[in-house]
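Structural overview for review
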Amino acid sequence: MTDERSPTAAPVTGLRERKKRRTRNALLRAAVVLFLSQGYERTTVDEITDAVNVSQRTFFRYFANKEEVVFALQELVESRFVAELHARPAAEGPFEALRGAALAAWDSVEVALSEVVPVDLYMRSYRLIESTPALLAVHLRRSTELEERISRLIGAREGLDVDADPRPRVAVAAFCGVMRVTGRLWGRGEDTSVESIRVLTESYLDRIGPALTSSWRGSA
């Protein structure tokens, strides 16, 4: 019997993990294409598995249901942002850290997305979520949960109890509002590149302070 700790075991484990990742990505890619071509509600798990030539059992090994599949790309982007927020320098203020994390995430997420689907499919899946009532309800719930998670991260960075001090939640609410607006505008536009949403995000984030604290009269 081969010792799993031996050097010969490592390549086998790596190969197995790569195969699992390829299968998961293939299921995700097939599901997104089917959702976009015929609608989320009309697409069945059987159709997804048939497109990849695997069993239903294999599908449920990677995803609990169709809903989990449709939000997998959103989860990829969100997890990249949260990781970047964790990595921001402690000396940065709340908005500076949120802004830096958002822009850093968009700088790095294109490669991660392209390993699964073309970026334009991600954009179209965002439109699908917003145009499907059942998915939009889930999206709003997930957004609320993510907002709370980020608020607690910001509170921890600043040494604040978010249940006693409202500032982390207020700051994150403003930030997440900007992210929702830029996501919608990007989804409606013709330029579906990651660079375009990064530029749009940066422009809108840079206007939060003036929009909240300055008079708008006479300003462009």
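All of the points below concern the structure found in this document. This one's a predicted model, so the numbers in the text were calculated from it and none came from an experiment.

1. A closer look at the overall build of the protein
The helix and strand tally for the protein stands at 11 helices and zero strands. In sequence order, the protein lays out its α and β elements as α-α-α-α-α-α-α-α-α-α-α. Counting only C-alpha atoms and orienting by the principal axes, one finds that the protein spans roughly 70 × 45 × 30 Å. Buried positions account for 41% of the 220 residues belonging to the protein. Across the protein, contacts joining residues at least 24 apart in sequence account for 64% of those joining residues at least 6 apart. Accessible surface, the protein as shown: approximately 12,700 Å² in total, 54% of it carbon and sulfur. Charge centroids of the protein, computed over 31 positive and 31 negative side chains, lie 3 Å from each other.

2. Overview of the environment of Ser37
Tracing the backbone shows Ser37 in helix 1 (residues 9-38). Here Ser37 falls in the exposed class, since its relative accessible area comes to 55%. Reaching out from Ser37, the side chain makes a polar contact with the backbone oxygen of Leu34 at a distance of 3.2 Å.

3. Regarding the nonpolar core
Within the largest apolar cluster, 34 residues are counted, with the highest numbers of intra-cluster contacts made by Leu28, Phe35, Phe63 and Leu73. Not counting the four nearest positions on each side in its chain, Phe63 is found in contact with Arg24, Leu27, Leu28, Glu68, Val69 and Ala72.

4. Description of the pattern of salt bridges
In total, this model carries 16 salt bridges according to the counting rule given. Of the charged contacts in the structure, one is a salt bridge between Arg198 and Asp107, with a shortest N-O distance of 2.5 Å. Of this pair, Arg198 sits in helix 10 (residues 194-205) while Asp107 sits in helix 6 (residues 94-114), and the two are 91 residues apart along the sequence. A salt bridge links Arg167 to Asp165; the shortest N-O distance between them is 2.7 Å.

5. Some words on the side chain of Thr132
Among the structural elements, Thr132 can be located in the loop between helix 7 (119-131) and helix 8 (133-158). Once you skip the residues sitting within four places of it in the chain, Thr132 turns out to touch Tyr40 and Glu41.

6. Section: the side chain of Thr23
Locating Thr23 in the fold gives a position in helix 1. The contacts of Thr23, once residues within four sequence positions are left out, are Thr58 and Tyr62.

7. A look at a positive patch on the surface
Together, Arg18, Lys19, Arg21 and Arg22 make up a positively charged patch on the protein surface. Secondary-structure assignment places Arg22 in helix 1.

8. Digging into a nonpolar patch on the surface
On the surface, a nonpolar cluster with roughly 210 Å² of combined accessible area is contributed by Val181, Leu185 and Tyr204. Examined against the element boundaries, Leu185 turns out to sit in helix 9 (residues 167-188). Given a relative accessible area of 32%, Leu185 falls into the partly exposed group.

9. Quick word on the packing of aromatic side chains
Enumeration over the complete set of coordinates arrives at six aromatic pairs. For the ring pair Phe59 and Phe63, a centre distance of 5.7 Å and an interplane angle of 45° mean the geometry is tilted. For Phe59, a relative accessible area of 0% gives the class buried. By relative accessible area, Phe63 is classed as buried at 1%. Within the aromatic cluster, the residues linked to one another by ring pairs are Phe59, Phe60 and Phe63. Between Lys66 and the ring centre of Tyr40, over which it is positioned, the NZ or CZ distance is 4.5 Å.

What counts, and at which threshold
Residues numbered from 1 in each chain as written. Predicted model: local features only at pLDDT ≥ 70, side-chain atom pairs only at ≥ 80, totals over all residues. Heavy atoms only, no water. Helix = DSSP H or I, 4+ residues; strand = E, 2+ residues; numbered from the N terminus. Buried < 20%, exposed > 50% of the residue type's maximum accessible area, 1.4 Å probe, protein only. Contact = heavy atoms within 4.5 Å. Areas by Shrake-Rupley, 256 points an atom, 1.4 Å probe, with all protein chains shown as cover. Lys, Arg positive; Asp, Glu negative; His and termini not counted. Charge placed at Lys NZ, Arg CZ, Asp CG, Glu CD. Polar contact = N/O pair within 3.5 Å; in protein donor to acceptor, adjacent residues only side chain to side chain. Core = buried A, V, L, I, M, F, W, Y, C linked by side-chain atoms within 4.5 Å. Salt bridge = Lys/Arg side-chain N within 4 Å of Asp/Glu carboxyl O. Patch = residues over 30% accessible without salt bridge, like charges linked within 9 Å, V, L, I, M, F, W, Y side chains within 5 Å. Phe/Tyr/Trp six-rings, centres within 6.5 Å; stacked < 30°, edge-to-face > 60°. Lys NZ or Arg CZ within 6 Å of the ring centre and 35° of its normal.

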